[in-house]
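The chain contents come next:
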Amino acid sequence: GDVPLYQHEWDAYVSWAYNVGTGAACKSTLVRKLQQTPPDYAGACAELLRWDKQAGITLRGLTIRRQGEYRQCMGQS
């Protein structure tokens, strides 16, 4: 849907969605938080941090990437 976003939020979500795939992104809790009324912007940004695993194993590279996307989403970078 049409959820107003700042450019820094949009950029963070595009980076994340490109990495995890649009199918997983569209079905995510992150998107549900954005679609609620009113949108939970901070909660959606925090959801980015949960996406740092592959096959249930936390990967340092993904953790670093997600932390960067989170900071960007929150307008901190």
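Residues numbered from 1 in each chain as written. Predicted model: local features only at pLDDT ≥ 70, side-chain atom pairs only at ≥ 80, totals over all residues. Heavy atoms only, no water.

Caption draft 1: Local environment of the side chain of Ser28. Here Ser28 shows up in the loop between α2 (22–26) and α3 (29–35). A distance of 3.2 Å separates a polar side-chain atom of Ser28 from the backbone nitrogen of Val31. Once residues within four sequence positions are removed from consideration, Ser28 is found in contact with Trp16 and Trp51. (Helix = DSSP H or I, 4+ residues; strand = E, 2+ residues; numbered from the N terminus. Polar contact = N/O pair within 3.5 Å; in protein donor to acceptor, adjacent residues only side chain to side chain. Contact = heavy atoms within 4.5 Å.)

Caption draft 2: Quick look at the packing of aromatic side chains. Enumeration according to the criterion identifies 1 aromatic pair in this entry. Pairing Trp16 with Trp51 gives two aromatic rings, centres 5.4 Å apart and planes at 80°, and the pair type is edge-to-face. Here Trp16, found in helix α1 (residues 7–20), pairs with Trp51, found in the loop between α4 (41–47) and β1 (53–54); they are 35 residues apart in sequence, far enough to count as distant. Judged by relative accessible area, Trp16 falls into the buried class, the value being 2%. (Phe/Tyr/Trp six-rings, centres within 6.5 Å; stacked < 30°, edge-to-face > 60°. Buried < 20%, exposed > 50% of the residue type's maximum accessible area, 1.4 Å probe, protein only.)

Caption draft 3: Fine view of the nonpolar core. In this structure, Ala12, Tyr13, Trp16, Ala17, Ala25, Leu30, Val31, Leu34, Ala44, Cys45, Leu48 and Cys73 together form the largest nonpolar core, which totals 12 residues. Those elements that place two or more of their residues in this core are α1, α3 and α4. Considering each element in turn, this core owes the most residues, 4 residues, to α1. Not counting the four nearest positions on each side in its chain, Ala17 is found in contact with Thr22 and Ala25. (Core = buried A, V, L, I, M, F, W, Y, C linked by side-chain atoms within 4.5 Å.)

Caption draft 4: Looking closely at the state of the cysteines. This model, assessed by the stated rule, comprises 1 disulfide. Linked covalently through their sulfurs, Cys45 and Cys73 form a disulfide whose S-S length is 2.0 Å. On the sign convention where negative means left-handed, the S-S torsion of about -70° between Cys45 and Cys73 marks this disulfide as left-handed. With Cys45 in helix α4 and Cys73 in helix α5 (residues 60–73), this residue pair connects regions lying 28 residues apart in the sequence. The exposure class assigned to Cys73 is buried, which follows from its relative accessible area of 2%. Left without a disulfide partner, Cys26 is nearest to the cysteine sulfur of Cys73, which lies 16 Å away. Judged by relative accessible area, which is 60%, Cys26 ranks as exposed. (Disulfide = S-S within 2.5 Å.)

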